[in-house]
Amino acid sequence: MEIPVIDFQACKLGEKNPSDEELMDLSQELRKAFTEVGFVYLHNTGITQQEVDEVMEVSEKFFLLPNDVKMQFQRQANNNHGWITFESEKLNPSQPGDLKEAFNTASLHPDEKWPSEEILPGFHVAQESFFQRCKDVSLRVLRVMALSLGLDTDIFLKEHRFIGTRQNGSTLRALYYPPVRNITVKQGQLRCGEHSDYGSITLVFQSSQGGLEVKSRSGDFISAPSIPDTVLINIADLMQRWTSDIFISAVHRVLLPLPGDVTTRQSLAFFVQPDDEVVIKCCDGSNKYPPVKAGDYLWERFRYSYGSGSHFM
Ligand SMILES: O=C(O)CCC(=O)C(=O)O
Ligand SMILES: [Fe+2]
């Protein structure tokens, strides 16, 4: 099994009027990918490789700042925005902390705390602009997803009205995986532990070495390499609940590099989340999963991956 690559040209950013036929073809391809694998590469979204490279470049400069500077921007327990220190997050809570740092842009609200232009020129603007670009692509994808399920095209859009505000948990995350020295690695520790994402969908961009692996339905892990000029998109847990398991939220992980590989890995992930107050119920009317409020669900998952609270699925 492989992760399909789909041409998104008909719905690319800036394209206004895809034909019914183009939309129908695209939605069928997307449905197949999301029901069989849960992951898809989209080509021609309008987000260019150059944009991605530029955001990674300025993100790396942030991670290379001294810890006492980064500390001023640390993520707080009640706000997902900010810096996440090395090994402090466990995407698989049964294993040691992930070998990564991250910076979350949790909203575009003016009160979020950012490194100034003096500390790091271009960082704030780059993260916010890329957040906006990812949001625009995500809304286009959510539209085609609804169509692919035979639902109203705005059924998901209606529940993602507040992306970028503090009433919605969608987050752009710059991830930084420093070189791994095997001597210091703990038993079971990975760059990113096995997990599934929490919200609706996730957009992922990896630096050239790749390293991401996705669990297939047969239980084997398949590699999800970095393919230039594409966006990797996956279904997350709330979307699986919403679609009553039609779309699959696949488990994924980032393994340690091979011995001798001392490169730094980077990625950017845009986690799309429904508005906090939206109650997610199965769209087929069934009771396969009990209704849950999107914001409550997200914070319960955060508590679990940062080391407190009980996990509910
Ligand atoms: O770094 C990556 O490629 C993926 C990270 C990931 O899956 C996550 O942060 O949820
Ligand atoms: Fe993930």
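Now for a description of the structure that goes with this document. (Residues numbered from 1 in each chain as written. Chains lettered and ligands numbered in written order. Predicted model: local features only at pLDDT ≥ 70, side-chain atom pairs only at ≥ 80, totals over all residues.)

**Digging into the overall build of the protein chain**
Phase 1: In terms of helices and strands, the protein chain carries 6 helices and 14 strands.
Phase 2: Computed over C-alpha atoms, the radius of gyration of the protein chain comes to 19 Å, within 12% of the 20 Å expected from 2.2 N^0.38 for 313 residues, which places it in the range of a compact globule.
Phase 3: The C-alpha extent of the protein chain, read off along each of the three principal axes, is 50 × 40 × 35 Å.
Phase 4: The 313 residues of the protein chain split such that 42% are buried.
Phase 5: Long-range pairs, those at least 24 residues apart, make up 75% of the contacts in the protein chain between residues at least 6 apart in sequence. (Helix = DSSP H or I, 4+ residues; strand = E, 2+ residues; numbered from the N terminus. Rg over C-alpha atoms; globule rule 2.2 N^0.38 Å. Buried ≥ 20, exposed ≤ 12 C-beta atoms within 10 Å, placed from the backbone. Contact = placed C-beta atoms within 7 Å.)

**Focus on the pairing of strand β4 (residues 101-105)**
Phase 1: The buried fraction of β4 amounts to 5 of the 5 residues, a majority that puts the element mostly inside the structure.
Phase 2: By the alternation rule, side chains of β4 split into E101, F103 and T105 and A102 and N104, which are all buried.
Phase 3: Relative to β4, strand β3 (residues 82-84) runs antiparallel, the two being bridged by 3 bridges. When the bridges of β4 are listed, G82 appears paired with N104.
Phase 4: The pairing of β4 with strand β5 (residues 171-177) spans 5 bridges and is antiparallel. Within β5, the residue paired with F103 across the bridge is A174. (Pairing = 2+ DSSP bridges.)

**Looking at unusual backbone geometry**
Phase 1: A positive phi angle, close to 60°, is found at N44, a residue other than glycine.
Phase 2: Mapped onto the secondary structure, N44 falls in the loop between β2 (39-43) and α2 (49-63).
Phase 3: Assessed through the 17 C-beta atoms surrounding it within 10 Å, N44 is described here as partly exposed.

**Describing the sheet that holds strand β10 (residues 230-235)**
Phase 1: Ordered in space as β1-β2-β10-β7-β12-β5-β4-β3, the 8 strands form an open sheet in which the pairing is mixed. The sheet is open, and its two borders are formed by β1 (5-7) and β3, each paired with just one other strand. The sheet shows a mean angle of 25° between the axes of neighbouring strands, taken without regard to direction.
Phase 2: Where β1 and β2 come together, 3 bridges link them in parallel fashion. By the bridge assignment, I6 is partnered in β2 with L42.
Phase 3: The strands that α2 touches are β4, β5, β7 (201-206) and β12 (265-272); relative to β12, the one it contacts most, it runs at about 110°. (Axes fitted to C-alpha atoms, helices over the stretch in contact; angles between N-to-C directions.)

**A short note on the site of ligand 1**
Phase 1: Neighbouring residues of ligand 1: L175, C192, D197, V204, Q206, L212, H252, V254, S267 and A269.
Phase 2: Elements supplying a minimum of two residues to the shell around ligand 1: β7, β11 (252-254) and β12.
Phase 3: Grouping the amino acids of the shell around ligand 1 by side-chain chemistry returns 6 nonpolar, 3 polar and 1 charged. (Near = placed C-beta within 6 Å. Nonpolar A, V, L, I, M, F, W, Y, C, P; charged D, E, K, R; others polar.)

**A few points about the sheet that holds strand β8 (residues 212-215)**
Phase 1: Spatial ordering of the open sheet is given by β6-β11-β8-β9, a layout of 4 strands whose pairing is antiparallel. Only two strands of the sheet have a single partner each, and these edge strands are β6 (192-195) and β9 (221-224). In this sheet, neighbouring strand axes are inclined to one another by 25° on average, regardless of whether the strands run parallel or antiparallel.
Phase 2: When β8 meets β9, the two strands line up antiparallel, connected through 4 bridges. When the bridges of β9 are listed, K215 appears paired with F221.

**Observations regarding helix α6 (residues 294-305)**
Phase 1: Relative to the 16 Å expected for 12 residues at 1.5 Å per residue, α6 spans 17 Å between its end C-alpha atoms, a close match to the ideal helical length.
Phase 2: Within α6, burial applies to A294, Y297, L298, R301 and S305. Take α6 and look down its axis: the buried residues cluster within an arc of 100°, on one side only.
Phase 3: Buried residues belonging to α6 abut α5 (237-242), β13 (279-280) and β14 (292-293).
Phase 4: Two residues or fewer past α6, G307 is found with a positive phi of approximately 100°. (Expected span 1.5 Å × (residues − 1). Arc of directions from axis to C-beta.)

**Notes on helix α1 (residues 20-36)**
Phase 1: The end-to-end C-alpha separation of α1 is 24 Å, in line with the 24 Å expected for 17 residues at 1.5 Å each.
Phase 2: Looking only at α1, the buried set comprises L26, S27, L30, A33 and F34. End-on view of α1: buried residues confined to an arc of 130°, all on one side of the axis. Among the exposed residues of α1, those oriented more than 90 degrees off its buried face are D20 and E21.
Phase 3: Looking at the buried residues of α1, the elements they touch are β1, β2, α4 (123-148) and β10.
Phase 4: At the C-terminal side of α1, G38 shows a positive phi close to 90°.

**Quick look at the packing of α1 against α4**
Phase 1: Contact geometry for α1 and α4: axes closest at 8 Å, N-to-C directions at 85°. As judged from the angle between their axes, α1 and α4 are roughly perpendicular. For the pair formed by α1 and α4, the contact residues are L23, L26, S27, Q28, L30 and R31 on the first element and V144, M145, L147 and S148 on the second.
Phase 2: Among the residues forming the contact of α1 with α4, the class breakdown is 6 nonpolar, 3 polar and 1 charged. (Parallel < 35°, antiparallel > 145°, perpendicular 65-115°, else oblique.)

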